[in-house]
Amino acid sequence: MDTIFQPLLFGFGPGAIIAALALGLVVSYRASGVINFGHGAIATYITYVYISLRDDGRYPIPPLPNPFAPIEGIFGIEIIDFPTFIGAPGEGLTFWPALLLSLSTAGLLGIIIHLAVFRPLRYAPTLAKVVASVGIMLMLQAAVVLRFGSRARQSPEIFPAEPVDFFGVRIGQDRFWLLGTVIVTTLVLWGVSRYTRFGVATRAAAENERFATLLGFNADVQAGVSWIVASMLAGLFGILVSPITGATPNFFTLLVVTSLGAALLGSMSSFWIAALAGIGLGMADQLLFRIELDWTWVPDIGIRRALPFLVIAAAMVLRGETMPSRGAVIAERLPDAFAPALTRWRKVLYLAFVTLSLTIVVFAPFEFRSGMQNSMIGVILALSAVIVTGYVGQISLMQMALAGVSAFAVASFGTEAGMPLPLALVLAIAASIAFGLIAALPSLRTRGASLAIITLASGLAIDEIFFQRPGWFGLARTNKSSDAPSLFGIEFGPSSPFVIGDDKIPTPSFGVFVLVMTVLSCIAVMRLRRSRLGQQMLAVRVNERAAAAAGINVAAVKLAAFGLSSAFAGLGGALTAFKLGTYGADSFGIFSSLNVLAFSYLGGIATVGGAVTAGTLFAEGIGIVASNEWIYDVGSYTAYTAGLFLIGTAVYNNEGIDGFQRNQFHGLVNIVRRRRGLGPLDPKATTNG
Amino acid sequence: MASEPSAHDVVLQTRGLSVTFGGLTAVNEVDLDCRAGQLTGLIGPNGAGKTTFIDAVTGFLPNNATGHVELDGTDVFGRPPHTLAHLGLTRTWQTLELFDDITVRENLTVASEPLRLRDFAQDFFRPRKVPDRVEEVITLLDFEDIADRKPRELSQGQRKMVGVGRALTAPDTRVLLLDEPAAGLDKSETEWFGDQLRSLVDGGVSMLLIDHDMGLVLRVCDRIHTLVFGELIASGTPTEIRSNPEVVRAYLGSGEI
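Fair warning: this is a prediction, and the values are worked out from it, not measured in the lab.

Here is what the cut-offs are and how they apply
- Residues numbered from 1 in each chain as written.
- Chains lettered and ligands numbered in written order.
- Predicted model: local features only at pLDDT ≥ 70, side-chain atom pairs only at ≥ 80, totals over all residues.
- Helix = DSSP H or I, 4+ residues; strand = E, 2+ residues; numbered from the N terminus.
- Rg over C-alpha atoms; globule rule 2.2 N^0.38 Å.
- Buried ≥ 20, exposed ≤ 12 C-beta atoms within 10 Å, placed from the backbone.
- Contact = placed C-beta atoms within 7 Å.
- Pairing = 2+ DSSP bridges.
- Axes fitted to C-alpha atoms, helices over the stretch in contact; angles between N-to-C directions.
- Nonpolar A, V, L, I, M, F, W, Y, C, P; charged D, E, K, R; others polar.
- Core = buried A, V, L, I, M, F, W, Y, C linked by C-beta atoms within 7 Å.
- Domains from an automatic or database assignment.
- Right-handed = clockwise from strand over helix to strand, strands pointing away.
- pLDDT = per-residue confidence, 0-100.
- Expected span 1.5 Å × (residues − 1).
- Parallel < 35°, antiparallel > 145°, perpendicular 65-115°, else oblique.
- Left-handed = near helix turned anticlockwise from the far one by under 90°.

1. Section: the overall build of chain A
Thought 1: When you go through chain A residue by residue, the secondary structure sums to 28 helices and eight strands.
Thought 2: Since a compact globule built from 689 residues should have a radius of gyration of about 26 Å, the 26 Å found for chain A is in line with a globular shape.
Thought 3: Expressed along its principal axes, the backbone C-alpha trace of chain A runs to roughly 75 × 60 × 60 Å.
Thought 4: Out of the 689 residues in chain A, the part that is buried amounts to 53%.

Structure (structure tokens):
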């Protein structure tokens, strides 16, 4: 009895935070139609603020990158000591002042998120909203790590923890307090939504925003209030649960995936189902944990870690399309999938660009060579995002997990099983494709944000089941090694000798190999854009119903996109494996997947040019190396600024850097043409398919 | 189905087609014929179930529709929309739903043929030419000047024609279902649009035109069906429909005639 009952009771702790996050997700979804991937990160950030206040009474402000830093970097001076705390270190605050100050911060964060991000995105396509919320997740996560470090923190007791006897199980009474708080919160939310004018108005707005506005409800105010409530809920429960679970930068942040499962079971609209499912998931998690620990005869295949994924997949298959889509008007366009006509000038331009890249790859100093190799691999990873997200409008948050599958597989097939390079590479890429397709299957009946959720859950599951556990890829939390790639007896790994140069690692031979792969990949994706399949992808992206009526097999096109995208992710992963030589699960974790989306969107999600731009931005890429060498060491701020810029791109310029440059260039061309008495640039010359 | 002894064979027919949403019957046991080479009209006041009827015929309401839909004598009811399009049953949308990201020519091209794996592989190495069918439609509808522009750069009337063109480009269009194509057009545009449709039909295309613009339908259609509250209340030539007391009553009731 004890073995089953005890873990179920222990599950109240994690269950409470899962339920509370699920409630917050439902609140903000009902009010603004946004699924906030950053919701867990809000809980993390507020919990750390609270712990910091309890520890030494100082109020931490987020690590704003010092705006003067580039100038300081160039001139080697310090202009201003940028503040990161309010107040002097001293005695920690007591519970209530610390709680109130933390929750005010949460409310402030909520209203900022509403006003600066989701209010401007009201009429934007789902893609932009999801990308912005991923930006919030990345930025807050990075803020926590920068601000408070990545070590776990303890939090002082809030509810009395003395154990009580409950049907023969001794368990801390704080569990019951937490459970009670969750139930009371659910009751209040349900009552407000059901019986007050505010709740009715919010529900009306969720059905049809325009109609609700006509009836005199101010949907904007409701959304703002709901964001404040959602953030404060996240913060409150993060704080209340922290004495039991402790605080780590990732725990609450990634718990958003499990909470999404709970919220989805309640169709993103039922508070009771979301809360009960959340508590149930917490209990199931503890139960499975105990089963895996105690019952050694149960095969250890990682069911527990797959739980969120399984719940989300089940919710999607069971509920299909029933997740309510809001009746808001979508007026804004998706990023332009610009495909330039291949004029002679353009070919010369491309050739010049490749030659320049080759020059850097061969002749540049080793740190630039390394940066260039990372960037070129980044281009291939970004291309994988361009296909699935840019061309078909489906958001994948698991690209690095797919890359990881290939990275581990290429070592298994090549180095360990001794297969020759082309075969090992093809098999590794096939493994990525298989994983990508399996993960995409449950989402074929749904679209938009649902896909982002399922891929986030899949990415996490792949990481935890396959990369972080012994077994499947024989990884066992240790690192894996991959030999240098070789063909016809010629080695071209990062340490293979090259005819010229300083022989420092990485040598140019690997760079040349990566360059060839990158150029081929770019050509393939440009071809894809112009092919019939590419046109069908863009048709599916705009309107699935109309695409089906025009004879397009929507499910097949989506699967093709996922397959192709996974193939490029796999290629990128295998190249990463060669580049690193020895690597572990860290290189392919969930946040690196989010980064792939962030950089790709920033560069320009719907064009090959955008992917190339994205490549320069990738961590340890050529852009970062150059910046470190010549301007300013962005180093630790990369993730933080990536998140910030990702939000900015989603809100203000969804075309990314590539589209921005293109529009500037076309503007310039048109000015010149007007001066010469010519008409504006003929669209024929630029948009011919 | 036995072909009728008329000069115009029935290309599309529905038998007992019903659509229910929950307890509400939106379309009730509709038997309707479209003859080859003719422009068939389907009129009815707002809310009569006209668009629901098209949605059901083109496979967009798999869970709500019952009955039979026969295309050239084969029962195609229950097949998914893209398969129906390949069989030659295509449609336009009241809200147009063009693919705004790609050019007019690409809009037509995506609809022109089912994608086979072989073609897809071939596209990578040597992109194929635009199919002849697409160029034919471009010539037929005088799209030469707009073929390389994107739909959002065009006038509303042109956009409507692109919608028709896209439905026409399907590999073997048997019958075209037009859902209120004249909505949002002014009087002269509507007239121009009607003439375009008529000339397409005279060139051999079969169409079902849904509209509540009585003037347009009466002017261009060969036969007209009238749908009121989900029931077919009258069928006949424009002259017969014009003088049918039930139709007049239904329309007088809604004040549209």
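2. Quick look at the overall build of chain B
Thought 1: The helix and strand inventory of chain B stands at ten helices and ten strands.
Thought 2: Taken over the C-alpha trace, chain B has a radius of gyration of 18 Å; the compact-globule value for 257 residues is 18 Å, and the two agree within 12%.
Thought 3: Counting only C-alpha atoms, chain B reaches 60 × 40 × 40 Å along its principal axes.
Thought 4: Across the 257 residues that make up chain B, the buried fraction comes to 45%.
Thought 5: Within chain B, contacts between residues at least 6 apart in sequence are counted, and of these 68% link residues at least 24 apart.

3. Quick word on the pairing of strand S4 (residues 169-172) of chain A
Residue and element names in this part refer to chain A.
Thought 1: Relative to S4, strand S3 (residues 163-166) is paired through four bridges, and the arrangement is antiparallel. The residue of S4 that forms the bridge with Val164 is Ile171.
Thought 2: The loop that links S3 with its antiparallel partner S4 comprises two residues; one of these, Phe167, has a positive phi angle of about 50°.

4. Observations regarding the sheet that holds strand S4 (residues 65-71) of chain B
Residues and elements named next belong to chain B.
Thought 1: Here we have four strands laid out as an open sheet, ordered S2-S1-S4-S5, and antiparallel in their pairing. The open sheet terminates on both sides in strands that have one partner only, identified here as strand S2 (24-35) and strand S5 (74-75).
Thought 2: The sheet contacts of helix H1 (residues 50-57) involve strand S1 (10-21), S2 and S4, and relative to S2 the element is tilted by about 70°.

5. A word on the interface of chain B and chain A
Thought 1: Listed per partner, the contact involves 33 residues of chain B and 29 residues of chain A.
Thought 2: Across the side of chain B that touches chain A, the residue classes tally to 14 nonpolar, six polar and 13 charged.

6. Things to note about the nonpolar core
All names here are of chain A.
Thought 1: Ranked by internal contacts, the top residues of the largest apolar core, which has 293 residues, are Ala22, Leu23, Val134, Ile312, Val386 and Leu646.
Thought 2: Of the residues that make up this core, three or more belong to each of domain 1 (11-57 + 92-322) and domain 2 (344-654).
Thought 3: The residues touching Val134, leaving out its near neighbours within four places in the chain, are Phe37, Leu397, Leu594, Leu597, Ala598 and Leu646.

7. Description of the domain arrangement of chain A
Residue and element names in this part refer to chain A.
Thought 1: If you check the domain split of chain A, you get domain 1 (11-57 + 92-322) and domain 2 (344-654).
Thought 2: Computed from C-alpha coordinates alone, the two centres of domain 1 and domain 2 are separated by 32 Å.
Thought 3: Domain 1 puts 35 residues into the contact, and the matching count from domain 2 is 38 residues.
Thought 4: Only helix H6 (126-148), helix H11 (251-265) and helix H13 (303-319) provide two or more residues apiece to the side of domain 1 that touches domain 2.
Thought 5: Of the residues belonging to the side of domain 1 that touches domain 2, the class tally is 28 nonpolar, five polar and two charged.

8. Details of the environment of A:Thr126
All names here are of chain A.
Thought 1: Following the sequence through the fold, Thr126 ends up in helix H6.
Thought 2: Take Thr126: there are 22 C-beta atoms within 10 Å of it, and that puts it in the buried class.
Thought 3: Expressed as a C-alpha distance, the spacing of Thr126 and Ile35, which sit 91 residues apart in the sequence, is 9.5 Å.

9. With respect to the pairing of strand S8 (residues 207-210) of chain B
All names here are of chain B.
Thought 1: Residues of S8 alternate between two faces, with Met207 and Leu209 on one and Leu208 and Ile210 on the opposite face, all of them buried.
Thought 2: Across four bridges, strand S3 (residues 39-43) lies against S8 in parallel orientation. Bridge pairing in S8 places Leu39 opposite Met207.
Thought 3: As paired strands, strand S7 (residues 175-179) and S8 are joined by four bridges and run parallel to one another. For Asp179, the partnering residue across the bridge sits in S8 and is Ile210.
Thought 4: The parallel pair S7 and S8 is bridged by helix H7 (residues 187-202), and the resulting crossover is right-handed.

10. Quick notes on the sheet that holds strand S10 (residues 231-236) of chain B
Residues and elements named next belong to chain B.
Thought 1: Taking strand neighbours across the sheet as the criterion, the six strands line up as S6-S7-S8-S3-S9-S10 in an open arrangement whose pairing is mixed. One side of each edge strand has no neighbouring strand; the edge strands of this open sheet are strand S6 (89-91) and S10. Geometrically, the sheet is characterised by an average inter-axis angle of 20° between neighbouring strands, direction not taken into account.
Thought 2: Sheet topology note: the S6/S7 ladder contains three bridges and is parallel. Looking at the pairing, Thr90 lines up with Leu176 of S7.

11. Description of the confidence of the model for chain B
Residues and elements named next belong to chain B.
Thought 1: This prediction gives chain B a mean pLDDT of 85; 94% of its residues lie at or above 70.
Thought 2: The low-confidence segment residues 1-6 (pLDDT under 50) makes six contacts with residues lying over four places distant or belonging to another chain.
Thought 3: Confidence estimates for the predicted assembly give a pTM of 0.88 and an ipTM of 0.86.

12. Some words on H1(B)
Residues and elements named next belong to chain B.
Thought 1: Most of H1 sits out of view: seven of its eight residues are buried.
Thought 2: Among the residues of H1, those classed as buried are Lys50, Thr52, Phe53, Ile54, Asp55, Ala56 and Val57.
Thought 3: Where H1 ends, the next residue or the one after it, Gly59, has phi of about 85°, a positive value.

13. What to know about helix H27 (residues 656-675) of chain A
Residues and elements named next belong to chain A.
Thought 1: With 20 residues, H27 extends 29 Å from end C-alpha to end C-alpha; this agrees with the ideal 28 Å at 1.5 Å per step.
Thought 2: When H27 is considered as a whole, its buried residues turn out to be Gly656, Ile657, Asp658, Gly659 and Arg662.
Thought 3: Buried residues along H27 sit in contact with helix H23 (590-603), helix H24 (608-617) and helix H26 (638-652).
Thought 4: Just past H27, the residue Gly677 takes up positive phi, approximately 80°.

14. Topic: the packing of helix H15 (residues 366-391) of chain A against helix H25 (residues 622-631) of chain A
All names here are of chain A.
Thought 1: Where H15 contacts H25, the two axes come as close as 7 Å, and the packing angle between them is 150°. By the angle between their axes, H15 is roughly antiparallel relative to H25. On H25, the residues that touch Glu367, Phe368, Gly371, Met372 and Ser375 of H15 are Ile622, Ile624 and Val625.
Thought 2: Grouping the amino acids of the contact of H15 with H25 by side-chain chemistry returns five nonpolar, two polar and one charged.

15. Focus on the confidence of the model for chain A
Predicted coordinates in areas of low pLDDT are best not read in detail.
Residues and elements named next belong to chain A.
Thought 1: Summary statistics for chain A give a mean pLDDT of 85 and a share of 91% for residues scoring 70 or more.
Thought 2: Looking over chain A, one finds the lowest element-wise mean pLDDT in helix H28 (residues 683-687), namely 41, and the highest in helix H5 (residues 95-118), namely 95.
Thought 3: For residues 322-329, every residue scores under 50 in pLDDT, and the model assigns this stretch 20 contacts once sequence neighbours within four places are set aside.

16. Things to note about the environment of B:Gly184
Thought 1: Residue placement: B:Gly184 occurs in the loop between S7 and H7.
Thought 2: For B:Gly184, a count of 15 C-beta atoms within 10 Å corresponds to the partly exposed category.

17. Brief notes about unusual backbone geometry
Residue and element names in this part refer to chain B.
Thought 1: For Glu29, which is not a glycine, the phi torsion comes out positive at approximately 50°.
Thought 2: Within the secondary structure, Glu29 is located in strand S2.
Thought 3: In the Ramachandran plot, Phe229 falls in the positive-phi region, its phi being about 45° despite a non-glycine side chain.
Thought 4: Mapped onto the elements, Phe229 comes out in the loop between strand S9 (223-228) and S10.

18. Considering the packing of H11(A) against helix H18 (residues 449-467) of chain A
Residue and element names in this part refer to chain A.
Thought 1: Two numbers describe how H11 lies on H18: the axes approach to 10 Å, and their chain directions differ by 125°. The angle between the axes of H11 and H18 places the two elements in the oblique class. Every pair of crossing elements has a handedness; the one defined by H11 and H18 is left-handed. Of the residues in H18, those touching H11 at Leu254, Val257 and Leu260 are Ile453, Leu456, Ala457 and Leu460.
Thought 2: For the contact of H11 with H18, the residue count by class is seven nonpolar, no polar and no charged.

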